[in-house]
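# Descriptive analysis of the structure
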Amino acid sequence: MIMQQRDVCDEKVDLFVNKHPEFKEFMARWVKLLVLQQEVQAGLKFPDVQNFAWTEEEFIGGVPLATKLPLQLFAEPFRLSAAKMGSQLAEIFPPLGESIDRLQKRLEDDTWSTQCLAAVVNGDAAALAAAASSVDMSAEILLFYARAVYSPCAKALRPLLEQHPSVVLWRKRYCPVCGSDPDLETLEIHADEADFVVSKSGQAWLHCPQCGLHWRFSRAVCPSCGTQENSKLTRYSLADNPQEFIYACDACNHYLPCIDMAESPAKDSLASMDCASLSMVHLDAMAQARGYEPLSPAAWALVRMVDC
């Protein structure tokens, strides 16, 4: 499966770089990270976590499944992921090498490691600030490192949580498994579903860059602020590839990359979704040049594309 994902990702990136050679070095760096995370994920294991309580109130209130688990459950996979990724992560991002080395050593501190996990598992801003302060480092650098190391853990855990019955009913803008914001929206035709006898424009689905989940969302709704005002939602694309576009919201000033797979004759496979938003960085640049901010927490989207 890893080789299949790598082949699909390499193919998409090669096609992209042939059309946009100015992004060649940028793309190579992030593809290396995605491949490294896939390799590390394959070696991580979690115990059975099916027997935990997720109440109807929590589901309605939008509580992601992973936040119901004790942080201790993530401790060993997180350390193992860090041990396998550390040196290679520093090689991929040389300017961060010294910082990454310091963080690798600090993971031996249980209290500090738990603060990092609280930041990425529960979105605890206070824990992130405390962990960053204790190593005299910016919260942005620490969060990049912690997310990079945690993502293989979240992907390894996802199969144990996505089978929960309520996951298929989830329609919120963030992931029901790990709570991450999406990095990509896709429009898809699912011919076996009754509600698509009338509509030919497809269902809206969101993709999680942290755990890789693919979940259903509502059409013509901003995945950032929830506005449904058509006058506030704008679609930007290039003339030669209208199936790939940016969905921008003037109500909250955020955007999300999208792929129309309902009309495209060459359907992207789900195996390539982790790489799909990366291969749309030229549209990130266009959106950011127009003053929009990325909704995606994917690290490459947070790089100021207009400066690349």
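Below you will find a few notes about this structure. Being a predicted model, the structure only gives us computed values, none of them experimental.

Reading guide: rules and limits
Within each chain, residues carry numbers counting from 1 in the order of the written sequence. Given that this is a predicted model, residues contribute local features only at a pLDDT of at least 70 and side-chain atom pairs are listed and counted only at 80 or more, while totals for whole chains, interfaces and linings are drawn from all residues. With hydrogens and water excluded, all non-hydrogen atoms of the structure serve as input to the side-chain values. Runs of E in the DSSP output that reach at least two residues are strands. Runs of H or I that reach at least four are helices, and both are numbered from the N terminus. Relative accessibility thresholds used throughout: buried, under 20% of the residue-type maximum; exposed, over 50%; partly exposed, between the two (1.4 Å probe, protein chains only). Contact criterion: two residues are considered in contact whenever any of their non-hydrogen atoms come within 4.5 Å of each other. Among buried residues, the Ala, Val, Leu, Ile, Met, Phe, Trp, Tyr and Cys ones that are joined through side-chain atoms within 4.5 Å form a nonpolar core. Only the contacting stretch of a helix is used when fitting its axis, a line to C-alpha atoms as for every element, and angles between N-to-C directions run 0 to 180 degrees. Just so you know how the angles are binned, under 35 degrees is roughly parallel, over 145 roughly antiparallel, 65 to 115 roughly perpendicular, and the rest oblique. Helix crossings are classified by the rotation of the near helix relative to the far one: an anticlockwise turn of less than a right angle makes the crossing left-handed, while a clockwise turn makes it right-handed. Think of it as three bins: nonpolar holds Ala, Val, Leu, Ile, Met, Phe, Trp, Tyr, Cys and Pro, charged holds Asp, Glu, Lys and Arg, and polar takes everything else, Gly as well. Centres within 6.5 Å make a pair out of two Phe, Tyr or Trp rings, where for Trp the six-membered ring is used; the pair is then stacked when the planes are under 30 degrees apart, edge-to-face when over 60, and tilted otherwise. Placement of a charge over a ring requires the Lys NZ or Arg CZ to be within 6 Å of the ring centre, with the centre-to-atom vector within 35 degrees of the ring normal. Any two strands between which DSSP finds at least two bridges are classified as paired.

The subject of this paragraph is the environment of Met-27. The topology assignment puts Met-27 in helix α2 (residues 24–41). Residue classification places Met-27 among the buried positions, given a relative accessible area of 0%. In this structure, the C-alpha to C-alpha distance between Met-27 and Val-17, residues ten residues apart in sequence, is 8.0 Å. Leaving out residues up to four positions away in the same chain, Met-27 has contacts with Val-13, Phe-16, Val-17, Leu-278, Ser-279 and Val-281.

Met-27, Phe-74, Leu-142, Tyr-145, Tyr-150, Leu-278 and Trp-300 are the most contacted members of the largest nonpolar core, which totals 80 residues. Per-element tally for this core: the top contributor is helix α8 (residues 139–161), with twelve residues. Leave out the neighbours within four places in its chain, and Leu-142 touches Leu-103, Trp-112, Cys-116, Leu-128, Ala-131, Ala-132 and Met-137. Listed in part, the 14 residues of the second largest apolar core include Leu-184, Ala-276, Met-280 and Ala-287.

Two packed helices can be described by the angle between their axes and the distance between those axes. It is the contact of α2 with helix α4 (residues 72–92), at a shortest axis distance of 10 Å, that shows an interaxial angle of 165°. As far as their axial angle goes, α4 and α2 are roughly antiparallel. The chirality of how α2 crosses α4 is right-handed. For the pair α2 and α4, the contacting residues are Arg-29, Lys-32, Leu-33, Leu-36, Gln-37 and Val-40 in the first and Ser-81, Lys-84, Met-85, Gln-88, Leu-89 and Ile-92 in the second. Tallied by class, the residues present in the contact of α2 with α4 amount to six nonpolar, three polar and three charged.

Below, the discussion takes up the packing of aromatic side chains. Evaluated as defined, the whole model comprises twelve aromatic pairs. Taking the centre distance of 5.1 Å and the plane angle of 85° together, the rings of Phe-93 and Phe-144 count as edge-to-face. With Phe-93 in the loop between α4 and α5 (97–106) and Phe-144 in helix α8, the pair connects residues that are 51 residues apart, well separated along the chain. The pair formed by Phe-93 and Phe-144 is uniform in burial state, with each residue classed as buried. With a centroid separation of 5.6 Å and an interplanar angle of 75°, the aromatic rings of Trp-170 and Tyr-174 are classed as edge-to-face. Aromatic ring contacts, followed pair by pair, group Phe-16, Phe-23, Phe-26, Trp-30, Phe-93, Phe-144 and Trp-300 into a single cluster. Lys-172 extends its terminal NZ or CZ atom over the ring of Trp-170, reaching a point 6.0 Å from the ring centre. If you follow Arg-235 out to its NZ or CZ, it ends over the ring of Phe-245, 3.6 Å from the centre.

Going residue by residue along strand β3 (residues 214–217), you find His-214 and Arg-216 tucked away on one face and Trp-215 and Phe-217 tucked away on the opposite face as well. Counting the residues between successive antiparallel strands, the hairpin from strand β2 (residues 203–207) to β3 contains six residues, one of them, Gly-212, with a positive phi of roughly 85°.

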